[in-house]
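Listed here are the chains, written in short residue letters.
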Amino acid sequence: RERALRQTISDKAESLGVKRAEEQVTAAKEIHALMTDYEQIEAQIRQTSPRYAALTEPAPLTLKEIQSDALDEETLLLEYALGEEKSFLWAVTPASISSFELPGRAEIEPVARRIYELLIARNQNLPNETPERRRRRLEQAEAEYPKTSATLSQMLLGPVASELGNRRLLIVSDGILQYVPFAALPSPAAPGSRPMVVDNEIVNLPSMSVLGVLRRESTGRKPAGKTLAVLADPVFSKDDPRVLSSGKGRAAAVEGTSLTGDEKRSVGESGLADLVRLRFSRLEANVITRLAADKMKLEALDFAANRSLATSAEIGQYRIVHFATHGLINNLRPELSGVVLSLVDEQGRPQNGFLRLYDIYNLKLRADLVVLSACQTALGKEYKGEGLVGLTRGFMYAGAPRVVASLWRIDDRGAW
């Protein structure tokens, strides 16, 4: 039933763009009703699948369980809760717990939001902005960041500055703090503006309860037999030279766009005008795969970087799975988020290359690590008590206890 509803929703969403205005209204209402049915089906699945429920709605760990099972002497848990009048920070070690009052949401949120705006300033293309105005805007952002980041660091980390040392920090954020890269904040205990990452390993968690589930899932699991799988530089367009140079491609590549309605919406929300080729992702793949022995690695480039491979059992044979492509985030409907792989075959014929969140949930991985070298892959829709639900949560459910993801759009060359 879930699969049937999912396909129906996808088909109707794809056809929206070709309908007349009055038909679009009717179709939108139908999609809304289908989404309601889909959510009810998901609720039934949660009730009948304990493993799914354990990860998406985990039972809270007790303090004793956190201290004995999740922490060691070199690790400090920092958990935040934003409130209207005051916020709170709990610092937990294997032998202690301390509570600190922080400023209220109205004082913390504007500073945290400003930090994010300053960090993504170079990614913003403002309407009618001249090169000179852009230069001044970026200079202002660079000048403002040190003071603003120091202010936020003192707000969030100042109370525990004496306890940080060189410890590993487990960060459980709340609200807008999930958009803050704690590793980039200046250390409140160090002189100057030395970022936290210099002295501390930073690990972000949806919750400590999710960590407990991930550890139980991976404990005793047979390790994957091979080392590394990299999917990079997929083919997005029939006009790509790789299509035209592949024999029959020139005659076959005549159809229109291969993007579905879902993909177009997510492309727009992710700030991408179109899906341009990521040429440096190929170099990224080449450099990374050199680190693994030939028989222990898979380097899937061009047309081979496709959805069929990503959803196959073969991917479950690798300890590290690395995607270097476009990531599309739909913050309104996280189930429409995904990773974009090859959208055409060697003959230029359109194919489904969108690895959506529900596809990811159905993967069977034995990976120790999944790397999402793409734009905004750490984002998602915020659910109260659950944090941001998106691609990272999907790969965790699929079997990966660790996911490397990005908070903002990244340049192809910069990622390499």
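So, how was this worked out
- Residues numbered from 1 in each chain as written.
- Predicted model: local features only at pLDDT ≥ 70, side-chain atom pairs only at ≥ 80, totals over all residues.
- Heavy atoms only, no water.
- pLDDT = per-residue confidence, 0-100.
- Contact = heavy atoms within 4.5 Å.
- Axes fitted to C-alpha atoms, helices over the stretch in contact; angles between N-to-C directions.
- Helix = DSSP H or I, 4+ residues; strand = E, 2+ residues; numbered from the N terminus.
- Left-handed = near helix turned anticlockwise from the far one by under 90°.
- Pairing = 2+ DSSP bridges.
- Buried < 20%, exposed > 50% of the residue type's maximum accessible area, 1.4 Å probe, protein only.
- Core = buried A, V, L, I, M, F, W, Y, C linked by side-chain atoms within 4.5 Å.
- Salt bridge = Lys/Arg side-chain N within 4 Å of Asp/Glu carboxyl O.
- Arc of directions from axis to C-beta.
- Phe/Tyr/Trp six-rings, centres within 6.5 Å; stacked < 30°, edge-to-face > 60°.
- Polar contact = N/O pair within 3.5 Å; in protein donor to acceptor, adjacent residues only side chain to side chain.

Examining the confidence of the model for the chain
And step 1. Averaged over every residue, the pLDDT of the chain is 84; the share at 70 or more is 86%.
And step 2. Throughout residues 250–258 the model reports pLDDT below 50, and contacts reaching past four residues in sequence, or to other chains, amount to 17 contacts.

A look at the packing of helix α5 (residues 105–119) against helix α6 (residues 131–156)
Each pair of packed helices can be summarised by the angle the axes make with each other and by the distance between the axes.
And step 1. The contact between α5 and α6 brings their axes to 9 Å, and the two run at 145 degrees. The interaxial crossing formed by α5 with α6 has left-handed handedness. Here E107, I108, V111, A112, R114, I115, L118 and L119 of α5 come into contact with α6, specifically with A141, E144, Y145, T148, S149, T151, L152, M155 and L156.

Details of the sheet that holds strand β10 (residues 338–340)
And step 1. Across the sheet, 3 strands lie side by side as β9-β10-β11; this open sheet has antiparallel pairing. With one partner strand each, in any of the chains shown, β9 (326–328) and β11 (354–356) form the two edges of the open sheet. Within this sheet the neighbouring strands show an average axis-to-axis angle of 25 degrees, counted without direction.
And step 2. Pairing of β9 with β10 involves 3 bridges; the strand directions are antiparallel.

Points about the environment of A183
And step 1. Checked against the element boundaries, A183 lands in the loop between β4 (168–172) and β5 (202–204).
And step 2. Relative accessible area serves as the criterion here: at 25%, A183 is assigned to the partly exposed category.
And step 3. C-alpha of A183 to C-alpha of V198: the two residues are 15 residues apart in sequence and 8.3 Å apart in space.
And step 4. Residues within four places of A183 in sequence aside, it is in contact with P195, M196, V197 and I202.

What to know about the nonpolar core
And step 1. With 67 residues, the main nonpolar core has L78, Y80, L156 and F323 as its most contacted residues.
And step 2. If you look at the next biggest cluster of nonpolar residues, it comprises 10 residues, including I66, L205, M208 and L211.

Notes on the sheet that holds strand β12 (residues 369–373)
And step 1. Sheet architecture is open: 5 strands sit in the order β7-β6-β8-β12-β15, paired in parallel fashion. Every interior strand has two partners, whereas the edge strands, β7 (297–301) and β15 (403–404), have only one.
And step 2. Bridge count between strand β8 (residues 318–324) and β12: 5 bridges; the pairing is parallel. Each residue of the ladder has a partner; that of H322, found in β12, is V371.

Section: unusual backbone geometry
And step 1. Despite not being glycine, N128 has its phi angle at roughly 60 degrees, a positive value.
And step 2. Residue position: N128 is located in the loop between α5 and α6.
And step 3. One non-glycine residue, D302, adopts positive backbone phi at about 55 degrees.
And step 4. Take D302: it is sitting in the loop between β7 and α13 (307–310).

What to know about the pattern of salt bridges
And step 1. Under the criterion given, the structure shown has 24 salt bridges.
And step 2. For E132, the salt bridge is made with R136, and the minimal N-O distance between the two is 3.3 Å. Of this pair, E132 and R136 both sit in helix α6, separated by 4 residues, roughly a single helical turn.
And step 3. When its relative accessible area of 44% is taken as the criterion, R136 is described as partly exposed.
And step 4. Among the ionic pairs, D240 bridges to R242, the shortest N-O distance being 2.8 Å.

A closer look at the environment of T148
And step 1. Here T148 lies in helix α6.
And step 2. Its relative accessible area of 13% is what places T148 among the buried residues.
And step 3. Distance in space between the C-alpha atoms of T148 and V111 is 7.0 Å, their sequence separation being 37 residues.
And step 4. Residues in contact with T148, not counting those within four places in the same chain, are V111, R114, I115 and L118.

Quick notes on helix α12 (residues 280–289)
And step 1. S281, E284, A285 and T289 are the residues of α12 that are buried. All buried residues of α12 lie within an arc of 115 degrees about the axis, which places them on one face of the element.

Focus on the side chain of S173
And step 1. Structurally, S173 can be placed in the loop between β4 and β5.
And step 2. According to the relative accessible area criterion, S173 is buried, its value standing at 15%.

Looking at the packing of aromatic side chains
And step 1. With the rule as written, the count across this model stands at 6 aromatic pairs.
And step 2. Ring centres of F88 and W90 lie 5.9 Å apart, and the angle between their planes is 20 degrees; on these two criteria the pair is classed as stacked.
And step 3. Assessed through its relative accessible area of 28%, F88 is described here as partly exposed.
And step 4. What makes W90 partly exposed here is its relative accessible area of 30%.
And step 5. Aromatic side chains Y116 and W408 sit 6.4 Å apart centroid to centroid with 50 degrees between the ring planes, which places their arrangement in the tilted category. With a gap of 292 residues between them, Y116 in helix α5 and W408 in the loop between β15 and α16 (412–415) connect regions that are remote in the sequence.
And step 6. An aromatic cluster is defined as three or more aromatic residues linked by ring pairs; in this entry it consists of Y116, Y179 and W408.

Let's talk about the environment of S237
And step 1. By secondary structure assignment, the location of S237 is in the loop between β6 (226–232) and α9 (241–244).
And step 2. When its relative accessible area of 28% is taken as the criterion, S237 is described as partly exposed.
And step 3. As a C-alpha pair, S237 and S342 span 105 residues in sequence and 8.4 Å in three-dimensional space.
And step 4. In contact with S237, other than residues within four places in its own chain, are V243 and V344.
And step 5. A distance of 3.0 Å separates a polar side-chain atom of S237 from the backbone nitrogen of D239.

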